[in-house]
Structure formats: structure tokens, C-alpha cells
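Residues per chain, in single letters:
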Amino acid sequence: MAVPTSHTLLPVDELVLDVDNPRIQRIMEMWTGEITAEIIHLALGSGRDTQDSGDTGTTFYSLKESIRTSGTIIHPIHVNKTDDGQLVVVEGNTRVAIYKELRDSDVEGNWDKIPAIVYEGLSQEGIDSIRLQSHQVGPRAWDPYSKAKYLHKLHKHQDMPFARLVDLCGGRKNEVRDYIAAYEDMEEHYRPILDDDADFDATRFSSFAELQKSKVKEAITLAGHSLEDFSGWVRDRKIHPQHTVRKLPLILGSPEAKKIFLHEGAEAAIRYLDRTSETDDPIEGSLPELCKAVLSKLRAVTWPDIQKHRSNKESAETQAILDLNDELADFVKEISN
């Protein structure tokens, strides 16, 4: 376990930014020239507010404004003092870059030194542990693609046991599993269909995360399509918003809805399905009342009912239950955070 040796203020000019920082690794891999501190600063500042990306993290610019207003950072950075005396930023590269920008722009305040937690001679496992706790389960999340890329690297290339990875991520077994699988699908099926690597859109990762939901891949295959086709739908924005991926089993199971989807996109197909629903009565009542009604229905479910759903998983009734499960799981995760 990584144990800090001190809490102190460190001169920002003495700090070494980490080129292996997962937040910028994708950009660093595309850079062909010399990696300088200036390039790292630019990469750290390349974040922008995105819609439909699933990323609820703080952008570079909003964080910068918050720090400028407060005059300091709330969370100290984490620094590893190496055997040769270098002070390498393990966690907090963005905040160091912001301090330097504020200082160089002559913004009022003390930006020469930054609050830091210092470790000495951290092992790679210690570094990974700090990163995961700070950005997988902490308040300063990386964007989803960067999370998945890092998890994949640790598990597949650095041979970190899956159970250990799950523990470091707060016990989120399904999320870790789905993120790694989504990263692999995106790299294998989405990246190759792009005309240029510069066209790679990391914000589309959420579509591939949704792809891991129950029955989605199976529905794509049964409809005569491949994951390359799915990647094309993602690229061409046939799937928008990205959570509509979970509706693909219903869309592809209806010939007319499928035709609308391939021509106009998922939202249009879902509108068609909603119009042709067999349910005539409007749903009324508050959310708590509806929850109580669903609970009452579930508690009255019999074993033959369960067998019926097991044997007919493609039915609209069973798919509605699976959709509710997915939406409820996401909602519970959001309010728990």
C-alpha cells in the first residue's frame, strides 16, 4: 500500500508532469514529435464540454476557473519522489498545468507552490493504486474511454489480476468487466472503419459500453449484422443518444422499425415503436407510486411466470423488464454517487 511521507507545498517548476497520465495517453500516442512540458500542457487542456458522452467529469477550463476563484486547490496533488530525486506527478497533472497557466498569465494569487502529498520510491502497483482510487472511484473521474483504456492496460498488459482491479475500483465488478470489453470492441471494430485515426471519437465509447448490456450483441447477430455494422451506426450517428443502444433488440426485432432505424436512426425507430405499442392506457402516478406498483407486481410473480420469461427472452414483455433493470441500475448508480 502506498504510504505518503509528507504533506507540503511544492514549487510547480520543480515538478515533472507524467507522460503516462491516462487522461492524455491517447493524445500522447498520436504525437510523433518530442514530448515536452508544453505539449503535455496542451494535451491536458484539450478537454472540452461534450454532450452525449457519458462523461460527467470536470473539464480543464471549468476546473481552471474554479481554482482561480478559490485561490487554491481542494485536493492536494500526489507526487512520487524517485530514487534520482525527481518529483513526478502521479495524480494532479492537470492542476499543476493550471497553476502554471495562472502564474504565467499574472493572475492574482500565489501560484508558485501547490499543495502536495509526497511519496518516496513508489512501485508501479502503488502508482496504479493511487490513480484508480482518485479517478475510478473518486470525485475527479477521467472520461469513460480513458478509464477503459487504463483498465485494459492494467489487466491485459500489466497482468493485474481481475479481482485486484475490481477491489481498487470499489468492487464494481460488472462495470470493470464491461469497460474492458467495450474498449476491446471499440478498438477492434470501430477504429478500423475510420478513414483516418484523427477521426476517432472517444466520446462514442458510451455506445460500446451500452453494447455490453443484456442481449444487445445477440440481437445484432440474429438480425444478420456484425459489430462492424454496429460501429458504422455509431460513426454515422444512427445511434443517438447513445443509450438508445439498449433498444436495439426491440428495433431490430421489428422489420418496419429496423427499416426506419437504418434510414433515419434510433430515435425515429423508437418513436415508431412507441406509436404502435399495444398499451392504450396512459401511465399515471408519481415515481414513488409507480415503484410501489412495480414492487407489488414483482412480489406476486410465480415460478411459471419466471419460466415463461426465461423461454421467451425476445418478447416485448421480457425486454421491457430488462430495459427497466438497466435504467434502474443506472439511476441507482447516479444517486448513490
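Whatever comes next refers back to the structure up there.
Residues numbered from 1 in each chain as written. Predicted model: local features only at pLDDT ≥ 70, side-chain atom pairs only at ≥ 80, totals over all residues. Heavy atoms only, no water.

Focus: unusual backbone geometry
Okay, step 1: Cis geometry marks the peptide bond from histidine 240 to proline 241, where omega comes out at -10°.
Okay, step 2: Within the fold, proline 241 resides in the loop between α11 (227–235) and α12 (248–252).
Okay, step 3: Here the phi dihedral of aspartate 106 falls at roughly 60°; this positive angle occurs in a residue that is not glycine.
Okay, step 4: When you line up the elements, aspartate 106 lands in the loop between α4 (93–104) and β5 (113–120).
Okay, step 5: Unusually for a residue other than glycine, aspartate 159 sits at a positive phi of about 55°. (Helix = DSSP H or I, 4+ residues; strand = E, 2+ residues; numbered from the N terminus.)

Section: the pattern of salt bridges
Okay, step 1: For the coordinates displayed, the defined rule picks out 17 salt bridges.
Okay, step 2: The partner of glutamate 65 in a salt bridge is arginine 68, with the nearest N and O atoms 2.5 Å apart. Of the two residues, glutamate 65 and arginine 68 both sit in helix α3 (residues 60–70), three residues apart, roughly one turn of that helix.
Okay, step 3: Between arginine 246 and glutamate 210 there is a salt bridge; the shortest N-O distance is 2.7 Å. Here the residue arginine 246 occupies a position in the loop between α11 and α12, and glutamate 210 occupies one in helix α9 (residues 205–210), the gap between them amounting to 36 residues.
Okay, step 4: You can call glutamate 210 buried: its relative accessible area is 11%. (Salt bridge = Lys/Arg side-chain N within 4 Å of Asp/Glu carboxyl O. Buried < 20%, exposed > 50% of the residue type's maximum accessible area, 1.4 Å probe, protein only.)

Notes on the packing of helix α13 (residues 255–264) against helix α14 (residues 266–275)
For any two helices packed against each other, one specifies the crossing angle of their axes together with the interaxial distance.
Okay, step 1: Here α13 crosses α14 at 155°, and the two axes come no closer than 7 Å. When the axis of α13 is compared with that of α14, the two are roughly antiparallel. Crossing hand, α13 versus α14: right-handed. Across from Glu256, Ala257, Ile260, Phe261 and Glu264 in α13, the residues of α14 making contact are Ala266, Ala268, Ala269, Tyr272 and Leu273. (Axes fitted to C-alpha atoms, helices over the stretch in contact; angles between N-to-C directions. Parallel < 35°, antiparallel > 145°, perpendicular 65-115°, else oblique. Left-handed = near helix turned anticlockwise from the far one by under 90°. Contact = heavy atoms within 4.5 Å.)

Quick notes on α11
Okay, step 1: Along α11, the residues that are buried comprise Leu227, Phe230, Ser231, Gly232, Trp233 and Val234.
Okay, step 2: Against α8 (173–190), α9, α10 (216–222), α12 and α13 lie the buried residues of α11.
Okay, step 3: Looking at where α11 begins, the residue whose side-chain oxygen comes 3.3 Å from the main-chain nitrogen of glutamate 228 is serine 226.
Okay, step 4: Positioned one or two residues after α11, arginine 237 has a phi angle of 65°, which is positive. (Polar contact = N/O pair within 3.5 Å; in protein donor to acceptor, adjacent residues only side chain to side chain.)

Quick word on the packing of aromatic side chains
Okay, step 1: Summed over the entire model, instances satisfying the criterion amount to 10 aromatic pairs.
Okay, step 2: Counting every residue linked through ring pairs, the aromatic cluster contains Tyr145, Tyr179, Tyr183, Tyr190, Phe200, Phe205, Phe208, Phe230, Trp233 and Phe261.
Okay, step 3: The ring of phenylalanine 200 has arginine 191 sitting right over it, with the charged end atom 3.9 Å from the ring centre. (Phe/Tyr/Trp six-rings, centres within 6.5 Å; stacked < 30°, edge-to-face > 60°. Lys NZ or Arg CZ within 6 Å of the ring centre and 35° of its normal.)

A look at empty space enclosed by the protein
Okay, step 1: By the definition in use, this model includes one cavity of 30 Å³ or more.
Okay, step 2: If you add up the space inside the largest cavity, you get close to 30 Å³.
Okay, step 3: If you trace the largest cavity, you find it lined by Lys213, Ser214, Val216, Arg246, Pro249, Gln319, Leu322, Asp323 and Asp326. (1 Å grid on protein atoms, 1.4 Å probe; cavity = no way out; pocket = protein on both sides within 12 Å on 5 of 7 lines; lining within 4 Å. Points joined across faces, edges and corners; volume = space filled by probe spheres on them.)

Topic: the sheet that holds strand β1 (residues 6–11)
Okay, step 1: Read across the sheet, five strands follow the order β1-β5-β3-β4-β2 without closing on themselves; strand pairing throughout is mixed. The open sheet is flanked by β1 and β2 (15–16), the only strands paired with a single partner.
Okay, step 2: Here strand β3 (residues 77–81) pairs with strand β4 (residues 87–91) via four bridges, running antiparallel. Opposite lysine 81, over in β4, you have leucine 87 as the bridge partner. (Pairing = 2+ DSSP bridges.)

Digging into the pairing of β5
Okay, step 1: The buried fraction of β5 amounts to six of the eight residues, a majority that puts the element mostly inside the structure.
Okay, step 2: Across six bridges, the pairing between β1 and β5 is antiparallel. Its bridge partner lying in β5, proline 11 is registered against lysine 113.
Okay, step 3: Alignment of β3 against β5, held across five bridges, turns out to be parallel. Residue pairing in the sheet places asparagine 80 in a bridge with tyrosine 119 of β5.

Details of the environment of alanine 181
Okay, step 1: Summarising the element assignment, alanine 181 is placed in helix α8.
Okay, step 2: With a relative accessible area of 21%, alanine 181 lands in the partly exposed category.
Okay, step 3: For the pair alanine 181 and phenylalanine 208, spaced 27 residues apart in the sequence, the C-alpha separation amounts to 8.5 Å.

Things to note about a nonpolar patch on the surface
Okay, step 1: Side chains of Leu287, Val294, Leu295, Leu298, Val301, Trp303, Ile306, Leu324, Leu328, Phe331, Val332 and Ile335 sit close together on the surface and give an oily, nonpolar patch of about 1100 Å² of accessible area.
Okay, step 2: Looking at the nonpolar patch, the elements that each hand over two or more residues are α15 (287–299), α16 (303–311) and α17 (316–336).
Okay, step 3: Sorting elements by how many residues they give to the nonpolar patch places α17 first, with five residues.
Okay, step 4: Assignment of secondary structure puts isoleucine 335 in helix α17.
Okay, step 5: Among the residues examined, isoleucine 335 registers a relative accessible area of 57% and is labelled exposed. (Patch = residues over 30% accessible without salt bridge, like charges linked within 9 Å, V, L, I, M, F, W, Y side chains within 5 Å. Areas by Shrake-Rupley, 256 points an atom, 1.4 Å probe, with all protein chains shown as cover.)

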